[in-house]
Amino acid sequence: MTLPTFEEARKIVLDHVAPLGAEQVPLLDAVGRVLAEDVASPSDFPAWDNSAMDGYAVRAADAQGGARLPLAAYLPAGSAGAGPLAPGTAAKILTGAPVPEGADAIVPFEEAEEQDGTVRAVAPVRAGAHVRRRAEDLRAGELALQAGTVIGPPQVSWLATSSRLFVPVHRRPRVAILSTGDELVPPGEPVGPGKIHDSNGVAVAAAVRQAGGEPVLLGIARDDREALRERLAEALRADAVVTSAGVSMGDRDYVREVLAALDVRQIFWKVDIKPGRPTAFALRGATPVFSLPGNPVSTLLTFEQFVRPALLRMQGRREVLRPTVRAVFQEDLRRKPGRTHFLRVRLERRGDALLAWSAGNQDTGILKTMLRADGIAILPSDLGDLSSGTPVEVQILSPDLAPA
Ligand code: AMP
Ligand code: MG
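Given the structure is predicted, the values throughout are model-derived calculations rather than measurements.

Procedures and definitions
Residues numbered from 1 in each chain as written. Chains lettered and ligands numbered in written order. Predicted model: local features only at pLDDT ≥ 70, side-chain atom pairs only at ≥ 80, totals over all residues. Heavy atoms only, no water. Helix = DSSP H or I, 4+ residues; strand = E, 2+ residues; numbered from the N terminus. Rg over C-alpha atoms; globule rule 2.2 N^0.38 Å. Buried < 20%, exposed > 50% of the residue type's maximum accessible area, 1.4 Å probe, protein only. Contact = heavy atoms within 4.5 Å. Areas by Shrake-Rupley, 256 points an atom, 1.4 Å probe, with all protein chains shown as cover. Lys, Arg positive; Asp, Glu negative; His and termini not counted. Charge placed at Lys NZ, Arg CZ, Asp CG, Glu CD. Pairing = 2+ DSSP bridges. Axes fitted to C-alpha atoms, helices over the stretch in contact; angles between N-to-C directions.

Pulling in residues and values, what's your account of the overall build of the protein chain?
For the protein chain, the helix and strand inventory stands at seven helices and 26 strands. Relative to the compact-globule value of 22 Å for 404 residues, the protein chain shows a C-alpha radius of gyration of 31 Å, a clear excess of over 25%. Along the three orthogonal principal directions, the C-alpha set of the protein chain runs to about 95 × 50 × 45 Å. Each of the 404 residues in the protein chain was classed as buried or not, and the buried ones make up 46%. Here the analysis covers contacts within the protein chain between residues at least 6 apart in sequence; of these, 70% occur between residues at least 24 apart. Total accessible area computed for the protein chain in this model is approximately 19,700 Å², and 51% of it derives from carbon and sulfur atoms. Computed over 46 positive and 49 negative side-chain charges, the separation of the two mean positions in the protein chain equals 5 Å.

Just give me the short version of the sheet that holds strand S8 (residues 112-115), but keep the residues and values in it.
Here we have six strands laid out as an open sheet, ordered S7-S4-S6-S5-S9-S8, and mixed in their pairing. Sheet topology places strand S7 (105-108) and S8 at the edges, where each strand pairs with a single neighbour. On average, adjacent strands in this sheet sit at an angle of 40° to one another, irrespective of strand direction. With two bridges joining them, strand S5 (residues 69-75) and strand S9 (residues 118-121) adopt antiparallel strand pairing. If you follow Leu69 over to S9, its bridge partner there is Val119.

Put into structure tokens, the structure is as follows:
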């Protein structure tokens, strides 16, 4: 059987996950989340003609030729407005105040001379000048925000303008996280001979949180069928499940077998990638189950490639893949074509160019290389040896080089 390629496997995953339902959240909590419904403007914005400047409301025709106009009213911001402006008069007005009926232009302070209760324009006055027209921004009923929009400060600003306190957004997935392995001990507890601390649990939780999900840490399951069955059954109550380790060829790698016994349908096992080949993807109903390999580097890299896009899609994001940038590789690297290779790289900007170096030993046992990596170069399966100067596509991970 030929293994799915990297792109095929990622597409299979994305084809099997869909946005979760909607919930109403307070405006500020909606930041970074995806609007689940179209939102139309409830009224006209602005609601009335108002002044765009501090100045004087006039009839443009009255103010030509430097004519002196008596000041008939004072309209600061927040004033409920005065009656109509009598012909041949002006009203002092501040930015945002309603333009009185009859007035059709604002003469800014900078273009006016006020004296003894009168004002004159020192420049020609154009009808309509510095007046913000009712509904020029949005008309009542006009589509303001489309379902699928990611909420950021501008969207919050408009929602607040229209007095919305709650917004319908797609739910965040609750993601059950299970580490598996007899060698694992929770961080903070002493490790005996042959034992190591479970780093994958909290690392996956961190990645889930960065991807907008809610991690549900289920701890460690021993390498035995009963322990796994109990924990996985619990895990399947979440919106998504991520396990680490126990999916390779070892004779205690029971994760897939136990999932199958729980009616979880395997969609693929093994992908033509390095590292991360034993990655498995399965479904129970609509619940995606990701079984990631146990080496902490492989766990994080496969999370990045398969789980993160799926979690973003479940939150309603349309763009779920990190943008890649082109960098120029600065080393010679021997490589057999075959699998897609995720290379941890260090990046540096020099002028217009982005330069990439291997971040260190690429063995999956070496976490240090991951700590030093600014990005992941994706070397396509058909690519052979790399020489210095070869362009490579890189997913940027470092928040210093690309916003999160
Ligand atoms: P496995 O996939 O079970 O063969 O595990 C591969 C390697 O990853 C082994 O060296 C494990 O000890 C290690 N490993 C598995 N799970 C974890 C974990 N939760 N935290 C840290 N290392 C792990
Ligand atoms: Mg193991």
